[in-house]
Amino acid sequence: MQIGLIGLGLIGGSMAIDLKRRGFADRVVGMDADSVNAEAALRIGIVDELADFEKLVDGSDLVMIAIPAGAAVGVLGQVLDRFRELGEDCGKVVIDVCSVKEPLARAAHYHPMRRRYVATHPMAGTEYSGPWAAMSGMFDSKAGIICDSQESDPKAVRLAEKLYDCLNMRIIHMNSSSHDVHTAYVSHLSHVISFALARTVLDKEKSEKHIFDLASGGFSSTVRLAKSNPEMWTPIFIENSGNLVPILDDYIENVRKFRDAIADYDSSAVSSLIAESNKIKRIIK
């Protein structure tokens with residue numbers, strides 16, 4: 001098994017490490033638009049070789065697209081076009097690992113090689129980026145989403161499932177639209193909140209230089225995501241804006257309820273809002 005990895009950052013790099021260590025892949029060939037990332041991935045050992053696009057696709061059994069969502073749509077089309085040039089019986093499979101799925105689903109829907117594509121999303125990551133951030137074990141026990149599997153060849157889906165089994169992930173099947181709604185709630189919203197909180201505190205810090213000396217674990221854990229790469233998260237927010245904006249409106253309304261209750265010195269209302277929020281303990285232990 002040779003994997004062709006397009007995008008040598010945190011997600012793709014971490015997957016490559018464990019897929020080789022755990023025997024899923026014998027060899028990983030990679031490419032990245034950033035030459036510094038590409039050379040680092042080669043030196044670190046994430047990839048065995050760097051290759052151009054055609055060499056990577058032609059020589060790989062499985063192509064993995066691990067780049068920001070905005071760029072992934074075009075690259076997916078190029079990979080499927082190359083599959084068609086190689087012949088409909090080439091047997092190759094392409095997956096992506098983007099956290100927004102509907103734009104890719106629309107782009108690939110009418111392509112004659114659509115069945116060779118499996119839409120996936122490993123629900124894991126950190127606030128760090130680049131091949132230097134790649135680590136073993138990052139995906140263990142996390143959710144691995146496979147979308148629109150009915151549109152893919154069953155053998156291609158089984159290969160994707162085998163890949164996520166190798167990463168010790170819990171496989172969940174859903175359609176692209178449901179995926180994008182759910183990730184807007186559990187991932188994208190939390191990043192927007194963290195970025196906004198960081199901006200708020202940084203603005204205040206200009207006049208109160210000791211504010212970070214007082215910051216404790218609660219602040220650090222809440223604002224941790226604000227260290228995430230804008231090149232990754234900007235296209236995610238834009239591509240999923242249709243789901244994210246209404247959720248942000250709901251969040252802003254809830255913040256306003258807290259604001260008004262606090263401004264009114266309404267202890268009962270504040271306590272009630274907190275108690276309602278505590279119900280999240282039923283879901284998250």
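Keep in mind that what you see is a predicted model, and the values were worked out from it rather than measured. (Residues numbered from 1 in each chain as written. Predicted model: local features only at pLDDT ≥ 70, side-chain atom pairs only at ≥ 80, totals over all residues. Heavy atoms only, no water.)

Undergrad: Help me understand helix 1 (residues 10–21), please; the structure alone is not making it clear to me.
TA: Helix length check: helix 1, at 12 residues, gives a terminal C-alpha distance of 17 Å against a target of 16 Å (1.5 Å per residue), a fit within 8%. Extensive coverage of helix 1 is indicated by the burial of 10 of its 12 residues. For helix 1, the set of buried residues is Leu10, Ile11, Gly12, Gly13, Ser14, Met15, Ala16, Ile17, Asp18 and Leu19. Close packing links the buried residues of helix 1 with strand 1 (2–6), strand 2 (27–31), strand 4 (62–65), strand 6 (117–122) and helix 6 (154–166). Backbone geometry just after helix 1 places Gly23 at a positive phi near 85 degrees. (Helix = DSSP H or I, 4+ residues; strand = E, 2+ residues; numbered from the N terminus. Expected span 1.5 Å × (residues − 1). Buried < 20%, exposed > 50% of the residue type's maximum accessible area, 1.4 Å probe, protein only. Contact = heavy atoms within 4.5 Å.)

Undergrad: Where do I start with the packing of aromatic side chains in this structure?
TA: Two measures describe an aromatic ring pair: the distance that separates the ring centres and the angle between the ring planes. The final tally for this structure, using the stated rule, is two aromatic pairs. Ring centres of Phe195 and Phe237 lie 6.1 Å apart, and the angle between their planes is 75 degrees; this geometry places the pair in the edge-to-face category. Highlighted residues: Phe195 in helix 7 (residues 176–205) and Phe237 in helix 9 (residues 230–239), separated in sequence by 42 residues. With relative accessibility at 21%, the residue Phe195 sits in the partly exposed group. Taking the centre distance of 5.7 Å and the plane angle of 45 degrees together, the rings of Trp233 and Phe237 count as tilted. Of the two residues, Trp233 and Phe237 are both situated in helix 9; the distance of four residues between them amounts to about one turn of the helix. You can call Trp233 buried: its relative accessible area is 7%. (Phe/Tyr/Trp six-rings, centres within 6.5 Å; stacked < 30°, edge-to-face > 60°.)

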